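Listed below, chain by chain, are the residues.
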Amino acid sequence: MRVYLGSDHAGFELKNHLVAHLEKQGHDVTDVGPHVYDAADDYPPFCIETARRVVADEGSLGIVIGGSGNGEQIAANKVPGCRAGLAWSVETAQLTRQHNHAQVVGVGARMHSTEEATGIVEAFLDTPVDDGPRHTRRVQQLTDFEQTGDAPALPEA
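Residues numbered from 1 in each chain as written. Predicted model: local features only at pLDDT ≥ 70, side-chain atom pairs only at ≥ 80, totals over all residues. Heavy atoms only, no water.

Per an unreviewed UniProt entry, the protein chain carries the name Ribose-5-phosphate isomerase B and comes from Prauserella isguenensis. One UniProt comment on the protein chain, placed under Subunit (unreviewed entry), says "Homodimer." Check the Sequence similarities (unreviewed entry) section of the UniProt entry for the protein chain; it says "Belongs to the LacAB/RpiB family." (UniProt positions renumbered as here; feature names shortened; annotations may be inferred.)

Next up, the structure:
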């Protein structure tokens, strides 16, 4: 599996750990950065570029890491075609892949131990999407809105 990783200073150490861990597992890993620790860096450039690469490389997945993972996931979601989910447990990592067909996961380095975060990432990477009609229909509604700007109709009351 090709995996792209990006972070900010808060996620720098976890990103480096995950790069080495995922390479040992046989994944084709690209470290989008940062490549040196800078306590004043900003997450948007790294997370947006991670998402851009994932969208351009069909079948790949991405991981964006910061203190909480929130801003990083938001930044990734600004890239057209990217679906990024914030995962705070193995179960939420699995569900964002299965139900939301997410290609990028946001993880908070300050929210988890290294072992917990590694388990979350492994769950995300190992979980296939659920191509059932219910989830596919919902993801298509999001894709259509992103492409056209026309919101899905509200159901009748």
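## Description of the sheet that holds strand 2 (residues 28-33)
Read across the sheet, five strands follow the order 2-1-3-5-4 without closing on themselves; strand pairing throughout is parallel. The open sheet has two edge strands with one neighbour each: strand 2 and strand 4 (84-86). Neighbour to neighbour, the strand axes of the sheet diverge by 20° on average, direction disregarded. With five bridges joining them, strand 3 (residues 61-66) and strand 5 (residues 104-108) adopt parallel strand pairing. Note on strand 5: the bridge partner recorded for Val 64 is Gly 106. Seen against the sheet, helix 2 (residues 43-56) touches strand 1 (2-7), strand 2, strand 3 and strand 5 and runs at an angle of roughly 165° to strand 1. (Pairing = 2+ DSSP bridges. Helix = DSSP H or I, 4+ residues; strand = E, 2+ residues; numbered from the N terminus. Axes fitted to C-alpha atoms, helices over the stretch in contact; angles between N-to-C directions. Contact = heavy atoms within 4.5 Å.)

## Overview of the UniProt feature "binding site: D-ribulose 5-phosphate" (unreviewed entry) in the protein chain
The feature "binding site: D-ribulose 5-phosphate" (unreviewed entry), as annotated in UniProt, sits at Asp 8, His 9, Gly 67, Ser 68, Gly 69, Asn 70, Gly 71, Asn 100, Arg 110, Arg 134 and Arg 138 in this numbering. These annotated residues cover 131 residues of sequence, and their C-alpha atoms sit far apart, with the largest distance between any two at 38.6 Å. Mapped onto the secondary structure, His 9 falls in the loop between strand 1 and helix 1 (12-24). With residues near it in sequence (within four places) discarded, His 9 still touches Tyr 37, Asp 38, Ala 39, Asp 41 and Arg 110. With respect to the secondary-structure elements, Arg 134 resides in helix 6 (residues 133-148).

## Some details on the side chain of Lys 15
You can see Lys 15 is positioned in helix 1. Sequence-distant contacts of Lys 15, that is, excluding residues within four places in its chain, are made with Leu 5, Gly 6, Ser 7, Asp 31, Gly 33, Pro 34 and Ile 65.

## Remarks on the packing of aromatic side chains
Applying the stated criterion to the full structure yields one aromatic pair. A centroid spacing of 6.0 Å and a plane angle of 65° characterise the contact between Phe 12 and Tyr 37, whose relative ring orientation is edge-to-face. One end of the pair, Phe 12, is in helix 1; the other, Tyr 37, is in the loop between strand 2 and helix 2, with 25 residues separating them in the sequence. Judged by its relative accessible area of 12%, Phe 12 falls in the buried class. (Phe/Tyr/Trp six-rings, centres within 6.5 Å; stacked < 30°, edge-to-face > 60°. Buried < 20%, exposed > 50% of the residue type's maximum accessible area, 1.4 Å probe, protein only.)

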